[in-house]
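Coordinate inspection notes
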Amino acid sequence: MSRLVVRLAARCGDALLREWRNVVVEPFRALRKRGPLGVSLAALATLAVIGLHEFQQTGTGAGVVRVLSEVRADQPLWLSLLRTPVSVFVPAVDLPAWGGLPRLFLAFALAELLFGRVRTLVVAYAVTLAGTLSARVMIALGPDRLGLPADAAHTVDTGASAAIVGLFAYTAVARRAPVLFLAAVVPTVAGSLADPNLAGREHLVAVAAAILLAALWHRPGRIVSPDGERPMSVPADTIDGSRSGGRAWQFSTRRTHFSTRRTRWPSR
């Protein structure tokens with residue numbers, strides 16, 4: 001029994017150390033290497049939320065922001081698709097904008113340092129769009145089929161909460177970080193299950209979409225560089241460096257030179 005406890009403790013310690021390196025040490029090294037530009041997308045996203053929130057408080061700004069970003073399920077689909085990118089950075093009316101800024105910056109910064117700007121934007125938009133489209137499906141199903149009531153179609157659906165929880169879920173699954181998942185994703189999932197309204201259902205869909213994207217993008221045998229380079233297919237047991245001496249990204253090629261030599265036969 002004591003040996004089993006020691007082994008479990010050792011494995012837990014190794015897992016925590018691995019997660020510390022994956023979600024803390026590696027992003028910190030990337031930040032030191034790239035400097036402030038390494039989190040430029042996270043900074044721009046945070047400034048966009050602050051700017052749109054302040055602009056929304058003015059008389060003119062409220063109408064402009066509404067035209068550019070207001071998404072509802074009773075709108076035409078093309079209009080919702082057109083407004084969804086801007087709606088990510090517009091705070092929800094019934095939620096405080098300043099309280100979610102640290103989580104917004106951290107979610108975007110972690111993903112940007114680990115996966116690059118392009119993939120961070122793709123994941124954030126994909127999970128938000130999945131939640132927006134799922135709202136239409138759930139309203140069409142109705143409450144009798146585990147859907148939503150018809151009046152939910154008039155609810156304004158804006159805010160970065162789906163993108164935030166989706167980026168945390170994507171990072172946790174891609175980097176195999178259960179502690180990050182428990183700390184940043186599980187509370188949101190629990191709150192969505194406790195209060196299954198429109199936003200809660202969309203958060204669940206965003207988490208599911210992020211897990212699916214991470215499972216497809218980071219499947220065994222597939223390595224994708226943080227700079228967005230083309231993925232390379234290698235044996236699964238070389239990803240952690242077990243067969244390459246800890247250098248999974250370094251491959252050596254050897255050229256073999258062949259020389260030909262003429263042979264002169266003796267003449268008679």
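What comes next concerns the included structure. Fair warning: this is a prediction, and the values are worked out from it, not measured in the lab.

Criteria and thresholds
- Residues numbered from 1 in each chain as written.
- Predicted model: local features only at pLDDT ≥ 70, side-chain atom pairs only at ≥ 80, totals over all residues.
- Heavy atoms only, no water.
- Helix = DSSP H or I, 4+ residues; strand = E, 2+ residues; numbered from the N terminus.
- Buried < 20%, exposed > 50% of the residue type's maximum accessible area, 1.4 Å probe, protein only.
- Contact = heavy atoms within 4.5 Å.
- Areas by Shrake-Rupley, 256 points an atom, 1.4 Å probe, with all protein chains shown as cover.
- Phe/Tyr/Trp six-rings, centres within 6.5 Å; stacked < 30°, edge-to-face > 60°.
- Axes fitted to C-alpha atoms, helices over the stretch in contact; angles between N-to-C directions.
- Parallel < 35°, antiparallel > 145°, perpendicular 65-115°, else oblique.
- Left-handed = near helix turned anticlockwise from the far one by under 90°.
- Nonpolar A, V, L, I, M, F, W, Y, C, P; charged D, E, K, R; others polar.
- Salt bridge = Lys/Arg side-chain N within 4 Å of Asp/Glu carboxyl O.

Here we come to the overall build of the protein chain. In terms of regular secondary structure, the protein chain is built from 10 helices and 2 strands. Its helices and strands taken in sequence order, the protein chain reads α-α-α-α-α-α-α-α-α-α-β-β from the N to the C terminus. For the protein chain, buried positions account for 38% of its 268 residues. Relative to all contacts within the protein chain whose residues are 6 or more apart in sequence, the contacts with residues 24 or more apart total 70%. Here the protein chain has roughly 17100 Å² of accessible surface; of this, 62% comes from carbon and sulfur atoms.

A separate point is unusual backbone geometry. The phi angle at Arg 176 is positive, at roughly 55°, despite the residue not being glycine. In this structure, Arg 176 sits in the loop between helix H7 (161-174) and helix H8 (178-184).

Moving on to the packing of aromatic side chains. Within this structure, the stated rule accounts for 2 aromatic pairs. Ring centres 5.1 Å apart and planes at 80° place the aromatic pair Phe 115 and Tyr 170 in the edge-to-face group. Remark: Tyr 170 occurs in helix H7 and Phe 115 occurs in helix H5 (residues 101-115); sequence separation between them is 55 residues. Tyr 170 shares its class with Phe 115; the two are buried.

Close contact between helix H6 (residues 117-141) and helix H10 (residues 198-217) brings their axes to 8 Å; oriented N to C, the two are set at 135°. Comparing the axis directions of H6 and H10 gives the class oblique. You can see that H6 and H10 cross each other, and the crossing is right-handed. When H6 is examined against H10, the residues Arg 119, Val 122, Val 123, Ala 126, Val 127, Ala 130, Gly 131, Thr 132, Ser 134, Ala 135 and Met 138 are found in contact with a partner set consisting of Leu 198, Arg 201, Glu 202, Val 205, Ala 206, Ala 209, Ala 210, Leu 213 and Trp 217. Residue classes in the contact of H6 with H10 are distributed as 14 nonpolar, 3 polar and 3 charged.

Let us look at the pattern of salt bridges. Enumeration over the complete set of coordinates arrives at 4 salt bridges. Of the charged contacts, one joins Glu 26 and Arg 175 as a salt bridge, the two residues approaching to 2.3 Å between their closest N and O atoms. Of this pair, Glu 26 sits in helix H1 (residues 2-34) while Arg 175 sits in the loop between H7 and H8, and the two are 149 residues apart along the sequence. According to the relative accessible area criterion, Glu 26 is partly exposed, its value standing at 30%. Here Arg 175 falls in the buried class, since its relative accessible area comes to 19%. Of the charged contacts, one joins Glu 112 and Arg 117 as a salt bridge, the two residues approaching to 3.2 Å between their closest N and O atoms.

Counting through the fold element by element, Ala 15 comes out in helix H1. Residue class for Ala 15 comes out partly exposed when judged on its relative accessible area of 30%.

So, on to the environment of Val 67. With respect to the helices and strands, the residue Val 67 is situated in helix H3 (residues 59-69). Taking relative accessible area as the criterion, Val 67 reaches 45% and is therefore assigned partly exposed. Remark: the alpha-carbon pair of Val 67 and Arg 83, spanning 16 residues in sequence, is separated by 8.4 Å.

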